[in-house]
Amino acid sequence: MTPLQKADALRARKGGQPIAALTAYDYPTARLLDEGGIDVLLVGDSLGMVVLGFEDTTHVTLDHMLHHVAAVARAKPRALLIGDLPIHSYDDPEMALANARKLVAAGAEAVKLEGGVRQAEKVRAITSAGIPVVGHLGMLPQRVLEEGGYKKKGKTPEQIEFIREGAQALIDAGVCAIVFESVIGPTSKQLTRELSVPIIGIGCGEGNCDGEIAVCTDLLGSYPWFVPPFAKPEADLAGATHTAVERYLARVQGN
Ligand code: KIV
């Protein structure tokens, strides 16, 4: 399938079988997740935190993203491969399109950016060039410093209207799906019912959106130093690594 066909197939999942999406940042993880049957792989700018060791995603550059998108693309996933446009790589429509093209040249099949109404023109510039775009609303990690932390969204009528208007502007500009991050459950459920593209939730309460996205290190238990409250690990790779190192030390050093 071409990237546009994959994006159309994603859009057609609205209200159907829930979408299962995960982040991936490297070749082996992408390959394993894709072999497992995941629908969407996102090379998220969360890589700044869970791979590169930064405090937050505001330190991630386009060069970081290109390096990791290329690694994931080498796995030739059947899943739709989305690459995040990092902070300040889409400050105006021309920049947004030029940098979306760079992500595509590195192997992304779609790009994701954060924000609603203020990003609509940039989304339109990218979708008009035939590149699928996924939106991201609710808690916006690239704005964590202005926001003073990771806060729940969609709690008041004003906040709900802000997300609704943002989502509609993104849909009008041609997005094929929208990620909702940390939008409270009832608001996620209500807006998912109203909006015409798939809403993929993280920290919104499982079952409230058209699908879920998780950071792969949260699912795999491989980043134990910070685990978000909504994460539901299905493995303990950190524990398995400690055990393997213990056994290796015993083998090599005999203690
Ligand atoms: O960067 C990322 O991993 C994301 C997910 C949290 C959706 O944007």
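Scroll up to find the structure.
Residues numbered from 1 in each chain as written. Predicted model: local features only at pLDDT ≥ 70, side-chain atom pairs only at ≥ 80, totals over all residues. Heavy atoms only, no water.

K.L.:
Explain empty space enclosed by the protein to me, using residue names and the numbers behind them.
P.N.:
Per the stated rule, a full pass over the model turns up one cavity of 30 Å³ or more. The space that makes up the largest cavity amounts to roughly 30 Å³. Taken together, Ala21, Val40, Leu42, Ile82, Lys112, Val134, Val179, Ile200 and Ile213 make up the lining of the largest cavity. The residue makeup of the lining of the largest cavity, split by class, is eight nonpolar, no polar and one charged. (1 Å grid on protein atoms, 1.4 Å probe; cavity = no way out; pocket = protein on both sides within 12 Å on 5 of 7 lines; lining within 4 Å. Points joined across faces, edges and corners; volume = space filled by probe spheres on them. Nonpolar A, V, L, I, M, F, W, Y, C, P; charged D, E, K, R; others polar.)

K.L.:
Tell me about the packing of helix α4 (residues 62–73) against helix α5 (residues 93–106), and please be specific about residues and values.
P.N.:
When two helices pack together, you describe them by how their axes are tilted relative to each other and by the distance separating the axes. Relative orientation of the contacting elements α4 and α5 amounts to 30°, with a least axis distance of 8 Å. With respect to each other, α4 and α5 are oriented roughly parallel. As α4 runs across α5, the sense of the crossing is right-handed. Packed against α4, whose contacting residues are Leu62, Met65, Leu66, Val69, Ala70 and Ala73, the element α5 presents Asn99, Lys102, Leu103 and Ala106 at the interface. (Axes fitted to C-alpha atoms, helices over the stretch in contact; angles between N-to-C directions. Helix = DSSP H or I, 4+ residues; strand = E, 2+ residues; numbered from the N terminus. Parallel < 35°, antiparallel > 145°, perpendicular 65-115°, else oblique. Left-handed = near helix turned anticlockwise from the far one by under 90°. Contact = heavy atoms within 4.5 Å.)

K.L.:
Explain the site of the ligand to me, and be specific about the residues and the numbers.
P.N.:
Inspection of the region around the ligand gives Thr23, Leu42, Gly44, Asp45, Ser46, Asp84, Lys112, His136, Val179, Glu181, Ile202 and Ile213 as its neighbouring residues. In this structure, an oxygen atom belonging to the ligand sits 3.1 Å away from a side-chain N or O atom of Asp45. The side chain of Ser46 places a nitrogen or oxygen atom 2.5 Å from an oxygen atom of the ligand. Protein burial of the ligand: of its 260 Å² of free accessible surface, 95% is covered by the chains. (Near = heavy atom within 4 Å. Polar contact = N/O pair within 3.5 Å; in protein donor to acceptor, adjacent residues only side chain to side chain. Areas by Shrake-Rupley, 256 points an atom, 1.4 Å probe, with all protein chains shown as cover.)

K.L.:
How would you summarise the packing of aromatic side chains if you had to cite specific residues and measurements?
P.N.:
The final tally for this structure, using the stated rule, is one aromatic pair. Each ring, one from Tyr223 and one from Trp225, has its centre 5.0 Å from the other, and the planes form 85°; the classification is edge-to-face. Under the relative-accessibility criterion, Trp225 is labelled exposed at 68%. (Phe/Tyr/Trp six-rings, centres within 6.5 Å; stacked < 30°, edge-to-face > 60°. Buried < 20%, exposed > 50% of the residue type's maximum accessible area, 1.4 Å probe, protein only.)

K.L.:
Can you tell me about the pairing of strand β8 (residues 211–214), naming the residues and giving the values?
P.N.:
Regular strands place side chains that alternate from one sheet face to the opposite one. Only one face of β8 is buried, namely the one carrying Gly211 and Ile213, since none of Glu212 and Ala214 on the opposite face is buried. Both strand β1 (residues 19–23) and β8 contribute to a ladder of four bridges, which runs parallel. Looking across to β8, one finds that Ile19 is bridged to Gly211. Bridge analysis of strand β7 (residues 199–202) against β8 gives two bridges, and the strand direction is parallel. Residue pairing across strands places Ile200 opposite Gly211, the latter belonging to β8. (Pairing = 2+ DSSP bridges.)

K.L.:
Account for helix α2 (residues 27–35), with residues named and values stated.
P.N.:
Three or more residues of α2 are buried, namely Thr29, Ala30, Leu33 and Asp34. For α2, the angular spread of buried residues about the axis comes to 125°, placing them on one side. The outward face of α2, more than 90 degrees from its buried face, is lined by the exposed residues Leu32 and Glu35. Residues of α2 that are buried sit in contact with β1, β2 (40–43), α4 and α10 (216–220). Phi turns positive one or two residues past the end of α2, at Gly37, with a value near 100°. (Arc of directions from axis to C-beta.)

K.L.:
How would you summarise the layout of surface pockets if you had to cite specific residues and measurements?
P.N.:
Considering only enclosed or pocket space, the largest pocket measures out at about 670 Å³ in volume. Of all elements in the fold, only α3 (47–50), β6 (177–181) and α10 reach the threshold of two or more residues within the lining of the largest pocket. Grouping the constituent residues of the lining of the largest pocket by class yields 16 nonpolar, eight polar and eight charged. Its boundaries defined by the atoms lining it, the second largest pocket holds a volume of some 460 Å³. Glu206, Glu212, Ile213, Ala214 and Lys232 are, among the 27 residues lining the second largest pocket, the residues nearest its centre.

K.L.:
How would you sum up the environment of Ala129? Please name residues and give values.
P.N.:
Position of Ala129 among the secondary structure elements: in the loop between α6 (120–128) and β5 (133–138). In this structure the C-alpha to C-alpha distance between Ala129 and Cys204, which are 75 residues apart in sequence, comes to 32 Å. Here Ala129 is in contact with Leu97 and Arg101, once residues within four sequence places are set aside.

K.L.:
With reference to specific residues and values, describe the nonpolar core.
P.N.:
Counting residues in hydrophobic clusters, the biggest one holds 72 residues, and the most contacted among them are Leu103, Val111, Ile126, Ile178 and Phe180. Beyond its immediate sequence surroundings of up to four residues, Ile178 is in contact with Val134, Gly135, His136, Leu137, Ala167, Leu170, Ile171, Val197, Pro198, Ile199 and Ile200. (Core = buried A, V, L, I, M, F, W, Y, C linked by side-chain atoms within 4.5 Å.)

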